[in-house]
Amino acid sequence: MPRAFNSSIRNIAIIAHVDHGKTTLVDQLFRQAGVFRTGEEVAERVMDSMDLERERGITISAKNCSVNWKGTKINIVDTPGHADFGGEVERALMMVDGAILLVDASEGPLPQTRFVLKKALAAGLKMLVVVNKIDRKDARPREVLNEVYDLFIDLDATEEQIEFPVLYAIGRDGVAQQTLDTPGKDLSPLFEEIVRTIPPPSYDPEAPFQMLVTNLAYSDFLGRLAVGKVVNGGVKEKEACVCINRQGQNVPLRIAKLQAYDGVRLADIQEARPGDIVILAGVEDVEIGDTICTREAPRALKRISVDEPTISMRFSGNTSPFSGRDGKYVLSSRVGERLMKETLSNVALKVEKSPDDDSYVVKGRGEFQMVILIESMRREGFEMCVGRPQILYKEQDGKKLEPIEHLFIDCEERFMGVITEKLSQRKAKMLNMVNHGSGRIRLEFSIPSRGLIGYRGEFLTDTKGTGIMNAYLSGYEEYRGDFPSRTTGSLVCDRLGETVSYALFHLEPRGILFLEPGVPVYEGMIVGEHNRDNDLNVNPTKAKKLTNIRAAGRDENIILTPVAPMTLERAIDFIRDDELVEVTPKNIRLRKTILEQNKRQ
């Protein structure tokens, strides 16, 4: 049966590494396509809708929007540039027919670009390459383009995929050009290339309505919303349909409302056609990967498949003496409900109830994905305790296999020695070293995933904050053997009270402190890192005994070493297996799993 095309639509994804200018470019596409009214106040990076995305300057969840260019509707999907959010990437690519690969003119294609591009090529998408930030002082667009070709060849792209059109852009200024020599005026060349290169969505003209659910949303007025691309056929508002779920059951439903993206907003539509990305209301029990189709001819589409999780973390309610002071939700059952809700919209997360106690085991792609989940929950008013990330091993032919990461490091030449030494202790193998002669070098390693837990902070200290480190999962290999994870112990508070300058001053020779004076503490709370490998119980609440005898120089002013603020990443990297991070909306505390000193012995 010959397939038909809906030539009035183009569906594209934008692929880029973190900080290569993807969200800024989308902003400019909106402005030049007339999405915003004249004089309308618009926030920068309009696609970064979550507070966390704005603060960290990254894309966490895949989002849709659309622009109109000379009668063609271009649906744009903004994909995350981080491998930990791979589940978002996979389902975003199910909605599109082509992708724009955006690459920084100085940094070139980086590991996360590689991760998403591999998925896009495997899905058979048509590619368009944009070399961005050509106005940088250190831009090297020609070399970067050669690196892109090398990357495509490395990822086994077909000959057709390698013959991609190339544009050069300054995303911040909203300029695109065909060659490096002819300066551009606006983004018209990019719009025209999208319409020319990216194929319109194809469909079977004889097939009835079918739509794959690739995202979920919620509205206080309409309830659960299903987002997805219409693969075949059309549908109207108030039409009776069925939802084919994971078990293959047909759940009847009536479409209460139909909406489509108009810019960044939603607009009501009466009818959806093949290739449209639409939002349906009226579906109660729906999961990502379900098919919505007609009652007369229900036919399921292929479900979304995502890579398996590589790490797990234990979540439980807050059981510390300070629980309930900051947050609204403290109980394990409430934490469990919230985690289950997260799995509905995040296909890469799996949540299991622990058989031993009231905790929940959350399995995901990486440490960073877990940090974002915890940060989102604490902002919603949750209090919880989380354990150290654990690696998920596999067994094959009686051998223990572990996940291996391909690690890329960009740093100054003088730090190479310390980095190589630290990584070799963590069972890393060097694969490649590139020296451009600019004073900075690029190193590549193969390292077990467990070797990266807790390394990022150490790496930034070793490179004095100037190093860049990225990794992606390359596969599973035989277990490489044990290595020490942390060589220092903890300074553990032995009583309830408040920290005092006098006590902290006398504890400073024992290690690095995490707290300032005047902070409430409890028995079992970790107040610092011990210099030696054992834990030490200390009293940070001890005040100076006052007498009425004074001597010159006796009461010298106490000056404490400044304390670095405790962040979630630093806390999770620091803890051992017998320790927990207590997270509340206002505080991040470290504690022992067993608080009482005599039970811990």
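Residues numbered from 1 in each chain as written. Predicted model: local features only at pLDDT ≥ 70, side-chain atom pairs only at ≥ 80, totals over all residues. Heavy atoms only, no water.

Colleague: Just checking my understanding: could you explain the overall build of the protein chain for this structure?
Modeller: Looking only at helices and strands, the protein chain features 15 helices and 37 strands. Residue burial in the protein chain is summarised as follows: out of 601 residues, 53% are buried. Across the protein chain, the fraction of contacts at a sequence separation of at least 24, relative to all contacts at a separation of at least 6, is 71%. For the protein chain, the accessible surface area stands at approximately 28,000 Å², while carbon and sulfur atoms represent 48% of it. (Helix = DSSP H or I, 4+ residues; strand = E, 2+ residues; numbered from the N terminus. Buried < 20%, exposed > 50% of the residue type's maximum accessible area, 1.4 Å probe, protein only. Contact = heavy atoms within 4.5 Å. Areas by Shrake-Rupley, 256 points an atom, 1.4 Å probe, with all protein chains shown as cover.)

Colleague: Is there a simple way to think about the pattern of salt bridges in this case?
Modeller: When charged atoms on two side chains of opposite charge get close, those side chains can pair. Tallying each qualifying case throughout the model produces 30 salt bridges. One salt bridge in this structure joins Asp104 and Arg136, with 2.9 Å as the shortest N-O distance. Of this pair, Asp104 sits in strand S5 (residues 98-104) while Arg136 sits in the loop between strand S6 (126-132) and helix H5 (141-154), placing them 32 residues apart in sequence. The class for Arg136 is partly exposed, based on a relative accessible area of 29%. Bridged by salt links that share partners, the residues Asp535, Arg576, Asp578, Glu579 and Lys592 form one connected network. (Salt bridge = Lys/Arg side-chain N within 4 Å of Asp/Glu carboxyl O.)

Colleague: What is the right way to look at the nonpolar core in this model?
Modeller: Nonpolar side chains tend toward joint burial in soluble globular proteins. Ranked by size, the top nonpolar core spans 40 residues in total, and within it Leu101, Leu117, Met127, Val148, Phe152 and Phe164 carry the most contacts. Once you skip the residues sitting within four places of it in the chain, Leu117 turns out to touch Ile15, Leu101, Met127, Leu151, Phe152 and Leu155. Formed by 31 residues, the second largest nonpolar core is a distinct cluster that contains Val335, Phe382, Ile572 and Leu590. (Core = buried A, V, L, I, M, F, W, Y, C linked by side-chain atoms within 4.5 Å.)

Colleague: Help me out: how do you make sense of the confidence of the model for the protein chain in this one?
Modeller: The predicted structure's coordinates, where accompanied by low pLDDT, should not be read in detail. Within the protein chain, residue pLDDT values average 81, and 89% of them lie at 70 or more. Of all helices and strands in the protein chain, the one with the weakest mean pLDDT is helix H2 (residues 51-56) (48), whereas strand S33 (residues 520-521) scores best (92). (pLDDT = per-residue confidence, 0-100.)

Colleague: Can you walk me through the environment of Tyr455 in this structure?
Modeller: With respect to the helices, strands and loops of the structure, Tyr455 is situated in helix H12 (residues 455-462). What Tyr455 contacts, discounting residues up to four positions off in sequence, is Ile419, Lys422, Leu423, Arg426 and Met469.

Colleague: Before we go on, may I ask you to explain the packing of aromatic side chains in this structure?
Modeller: In this description, an aromatic ring pair is defined by two values, namely the gap between the centres and the angle between the planes. Counted according to the given criterion, the structure contains eight aromatic pairs. Considering the side-chain rings of Trp69 and Phe191, the 4.3 Å spacing of their centres and the 10° angle between planes classify their relative orientation as stacked. Here the residue Trp69 occupies a position in strand S3 (residues 63-69), and Phe191 occupies one in helix H7 (residues 188-197), the gap between them amounting to 122 residues. What makes Phe191 buried here is its relative accessible area of 1%. (Phe/Tyr/Trp six-rings, centres within 6.5 Å; stacked < 30°, edge-to-face > 60°.)

Colleague: I tried to follow the environment of Met566 on my own but got confused; where do I start?
Modeller: Looking at where Met566 falls in the secondary structure, it is placed in the loop between strand S35 (536-538) and helix H14 (568-574). Distance in space between the C-alpha atoms of Met566 and Ile588 is 6.8 Å, their sequence separation being 22 residues. With residues near it in sequence (within four places) discarded, Met566 still touches Phe514, Ala571, Ile588 and Leu590.

Colleague: Hey, could you run me through helix H9 (residues 367-379) in this one?
Modeller: An α-helical turn contains 3.6 residues, so any two residues separated by three or four positions project in the same direction. Helix length check: H9 (13 residues) gives 19 Å between terminal C-alpha atoms against 18 Å at 1.5 Å per residue, within 8%. Counting buried positions along H9 gives 11 out of 13 residues, so the element sits mostly inside the fold. Residues of H9 that are buried include every one of Phe368, Gln369, Met370, Val371, Ile372, Leu373, Ile374, Glu375, Ser376, Met377 and Arg378, and no others. After H9 finishes, the residue Gly381 shows a positive phi value of roughly 100°. (Expected span 1.5 Å × (residues − 1).)

Colleague: Mind showing me how you'd approach H7 here?
Modeller: Counted residue by residue, H7 has seven buried out of 10 residues, so it is predominantly covered. For H7, the complete set of buried residues consists of Ser188, Pro189, Leu190, Phe191, Glu193, Ile194 and Thr197.

Colleague: Would you mind showing me how to read the environment of Gly234 here?
Modeller: Within the secondary structure, Gly234 is located in the loop between strand S11 (223-232) and strand S12 (235-236). Note on Gly234: relative accessible area 34%, which makes it partly exposed. Residues Gly234 and Pro274, spaced 40 residues apart in sequence, show a C-alpha to C-alpha distance of 6.2 Å. Apart from the residues lying within four places of it in its own chain, the contact partners of Gly234 are Phe209 and Ala272.

Colleague: Help me understand the sheet that holds strand S13 (residues 240-244) in this model?
Modeller: Hydrogen bonds along the backbone pair up the strands of a sheet, which may run parallel or antiparallel. Taken in spatial order, the eight strands make up an open sheet running S14-S13-S19-S10-S11-S18-S15-S16, and their pairing is antiparallel. Edge positions in the sheet fall to strand S14 (250-254) and strand S16 (265-268), since each of these pairs with one other strand and no more. Within the sheet, the average angular offset between the axes of one strand and its neighbour, ignoring direction, is 40°. Pairing analysis gives nine bridges linking strand S10 (residues 210-219) to S11, with the strands arranged antiparallel. When the sheet's bridge partners are listed, Ala217 is paired in S11 with Leu225. (Pairing = 2+ DSSP bridges. Axes fitted to C-alpha atoms, helices over the stretch in contact; angles between N-to-C directions.)

Colleague: Please explain the side chain of Asn245 as it appears in this structure.
Modeller: With respect to the element layout, Asn245 can be found in the loop between S13 and S14. For Asn245, a relative accessible area of 15% translates into the label buried. From its side chain, Asn245 meets the backbone nitrogen of Gln247 in a polar contact 3.2 Å long. Here Gln249 takes part through its backbone nitrogen, which lies 2.9 Å from a polar atom of the side chain of Asn245. If we ignore the near neighbours within four places in the chain, the residues touching Asn245 are Val251, Asp290 and Arg303. (Polar contact = N/O pair within 3.5 Å; in protein donor to acceptor, adjacent residues only side chain to side chain.)

Colleague: Would you take a moment to explain the packing of helix H10 (residues 416-425) against H12 for this structure?
Modeller: Pairs of packed helices are described in terms of their axes, by the angle between the two and the distance that separates them. The contact between H10 and H12 brings their axes to 10 Å, and the two run at 160°. Overall, the two elements H10 and H12 adopt an arrangement that is roughly antiparallel. Once H10 is placed against H12, the crossing between them reads as right-handed. Listed contacts from H12 to Val418, Ile419, Lys422 and Leu423 of H10 are Tyr455, Glu458, Phe459 and Asp462. Taken together, the residues of the contact of H10 with H12 sort by class into five nonpolar, no polar and three charged. (Parallel < 35°, antiparallel > 145°, perpendicular 65-115°, else oblique. Left-handed = near helix turned anticlockwise from the far one by under 90°. Nonpolar A, V, L, I, M, F, W, Y, C, P; charged D, E, K, R; others polar.)

Colleague: Would you mind showing me how to read the pairing of S10 here?
Modeller: Each regular strand shows side chains that alternate between the opposite faces of the sheet. Among the 10 residues in S10, eight count as buried, and that is most of the element. Bridge count for S10 against strand S19 (residues 291-294) is three bridges, and the pairing is antiparallel. Within S19, the residue paired with Gln210 across the bridge is Cys293.

Colleague: Which parts of the structure should I look at to understand the side chain of Ser359?
Modeller: Counting through the fold element by element, Ser359 comes out in the loop between strand S21 (350-353) and strand S22 (360-364). Here Ser359 falls in the buried class, since its relative accessible area comes to 3%. A distance of 2.9 Å separates the side chain of Ser359 from the side chain of Arg314, its partner in a polar contact. Look past the residues within four positions of Ser359 in its chain and what remains in contact with it is Arg314, Phe315, Ser316, Lys353 and Ser354.

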